[in-house]
Amino acid sequence: SAVRSFVKNAGLGFAIPYFHNGAMHEYIPDFIIRLDREGEHYVILETKGFDPLEEVKSAAAERWVRAVSADGQFGTWGYAMVKRVADVKKVIEEHGMSPIH
């Protein structure tokens, strides 16, 4: 299995800050997944229908994972957004098999 563990990000206090319309906001992604790979590898997974701020939130998440991964103290992180439940397995397998960015 590509997943070691996962958690629904509800009430955990994990949020990604982003700036929109002149104000700071917090993006609270749906899931945090720890991959079953050597070392600390995680994927932030968002499942979305329509969201008018999808691009803003995705950009903030991509910046966050690049910064945290570059620092290295908290493992390597990736981000993925899926619109269909059927795509979740594919996304996890892709992140589990390839370097995470």
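Heads up: these notes are all about the structure in this document.

1. Here we look at the side chain of His41
Here is step 1 of the chain: With respect to the helices and strands, the residue His41 is situated in strand 5 (residues 41–47).
Here is step 2 of the chain: Given a relative accessible area of 12%, His41 falls into the buried group.
Here is step 3 of the chain: Of note is the side chain of His41, whose polar atom sits 2.9 Å from the backbone oxygen of Glu38.

2. Some points on the nonpolar core
Here is step 1 of the chain: One finds Ile16, Tyr27, Ile44, Trp77 and Tyr79 to be the most contacted residues of the largest nonpolar core, which totals 13 residues.
Here is step 2 of the chain: Within the residue set of this core, elements represented by two or more residues are strand 2 (16–20), strand 5, helix 1 (54–71) and strand 6 (76–82).
Here is step 3 of the chain: Broken down by element, this core gets its largest block of residues, four residues, from helix 1.
Here is step 4 of the chain: Ile16 has contacts with His25, Glu26, Tyr27, Pro29, Ile44, Ala60, Ala61 and Trp64, leaving out every residue within four places of it along the chain.
Here is step 5 of the chain: Core analysis: the second largest hydrophobic core is formed by nine residues, Ile33, Leu45, Ala80 and Ile92 among them.

3. Focus: helix 1
Here is step 1 of the chain: For helix 1, spanning 18 residues, the distance from its first C-alpha to its last is 26 Å, which sits close to the expected 26 Å at 1.5 Å a residue.
Here is step 2 of the chain: If you check which residues of helix 1 are buried, you get Lys57, Ser58, Ala60, Ala61, Val65 and Val68. Projected onto a plane normal to the axis of helix 1, the buried residues spread over an arc of 160° and lie on a single side. Exposed and facing more than 90 degrees away from the buried side of helix 1 are Glu55 and Ala70.
Here is step 3 of the chain: Elements that come into contact with the buried residues of helix 1 comprise strand 2, strand 3 (23–27), strand 5 and strand 6.
Here is step 4 of the chain: Positive backbone phi, at 85°, marks Gly72, one or two positions downstream of helix 1.

4. Comments concerning the sheet that holds strand 5
Here is step 1 of the chain: The mixed open sheet is built from four strands, whose spatial order is 1-4-5-6. The open sheet terminates on both sides in strands that have one partner only, identified here as strand 1 (3–8) and strand 6. Looking at each pair of strands side by side, their axes are set apart by 20° on average, direction ignored.
Here is step 2 of the chain: Here seven bridges tie strand 5 to strand 6, and the two strands are oriented parallel to one another. Residue His41 lies in a different strand from strand 6, and its bridge partner there is Thr76.
Here is step 3 of the chain: Across the sheet, helix 1 is in contact with strand 5 and strand 6; its angle to strand 6 comes to roughly 165°.

5. Topic: the pattern of salt bridges
Here is step 1 of the chain: Within the structure shown, the criterion is met by six salt bridges.
Here is step 2 of the chain: Close ionic contact of Glu40 with Arg34 constitutes a salt bridge, the shortest N to O distance being 2.8 Å.
Here is step 3 of the chain: Arg34 gets classed as partly exposed once you look at its relative accessible area, which sits at 22%.
Here is step 4 of the chain: Its salt-bridge partner being Lys83, residue Glu54 comes within 2.6 Å of it at the nearest N-O pair. Within this pair, whereas Glu54 is found in helix 1, its partner Lys83 is found in the loop between strand 6 and helix 2 (88–97), the two being separated by 29 residues in sequence.
Here is step 5 of the chain: Take Glu54: its relative accessible area is 21%, and that puts it in the partly exposed class.
Here is step 6 of the chain: Look at Lys83 and you get exposed, because its relative accessible area is 52%.

What counts, and at which threshold
- Here the residue index of a chain counts from 1 through its sequence in written order.
- Reporting in this predicted model follows two pLDDT cut-offs: at least 70 for local features of residues, and 80 or more for side-chain atom pairs to be given and counted; totals over whole chains, interfaces and linings ignore these cut-offs and use all residues.
- To obtain the side-chain values, all non-hydrogen atoms of the structure were used and water was disregarded.
- In DSSP terms, a helix is any run of H or I states spanning at least four residues, a strand is any run of E spanning at least two, and both are numbered starting from the N terminus.
- When a residue's accessible area, from a 1.4 Å probe over protein chains only, is under 20% of the maximum for its type it is buried; when over 50% it is exposed; and in between it is partly exposed.
- Identification of polar contacts relies on pairs of N or O atoms within 3.5 Å, with a donor-acceptor requirement for protein atoms, meaning one able to donate a hydrogen and the other able to accept it, and with residues adjacent in sequence counted only if both atoms are side-chain atoms.
- Here, the term nonpolar core denotes a set of buried Ala, Val, Leu, Ile, Met, Phe, Trp, Tyr and Cys residues that are joined through side-chain atoms within 4.5 Å.
- Contacts are residue-level and defined by heavy atoms, with any inter-residue pair within 4.5 Å sufficient.
- Multiplying one less than the number of residues by 1.5 Å gives the expected span of a helix.
- What the arc describes is the spread of directions from the helix axis to the C-beta atoms.
- Following DSSP output, two strands are said to pair if at least two bridges run between them.
- Here the axes come from fitting lines to C-alpha atoms, over the contacting stretch only for helices, and the angles between their N-to-C directions go from 0 to 180 degrees.
- Criterion for a salt bridge: a side-chain nitrogen of Lys or Arg within 4 Å of a carboxyl oxygen of Asp or Glu.

Worth remembering: the numbers are spatial, not functional.
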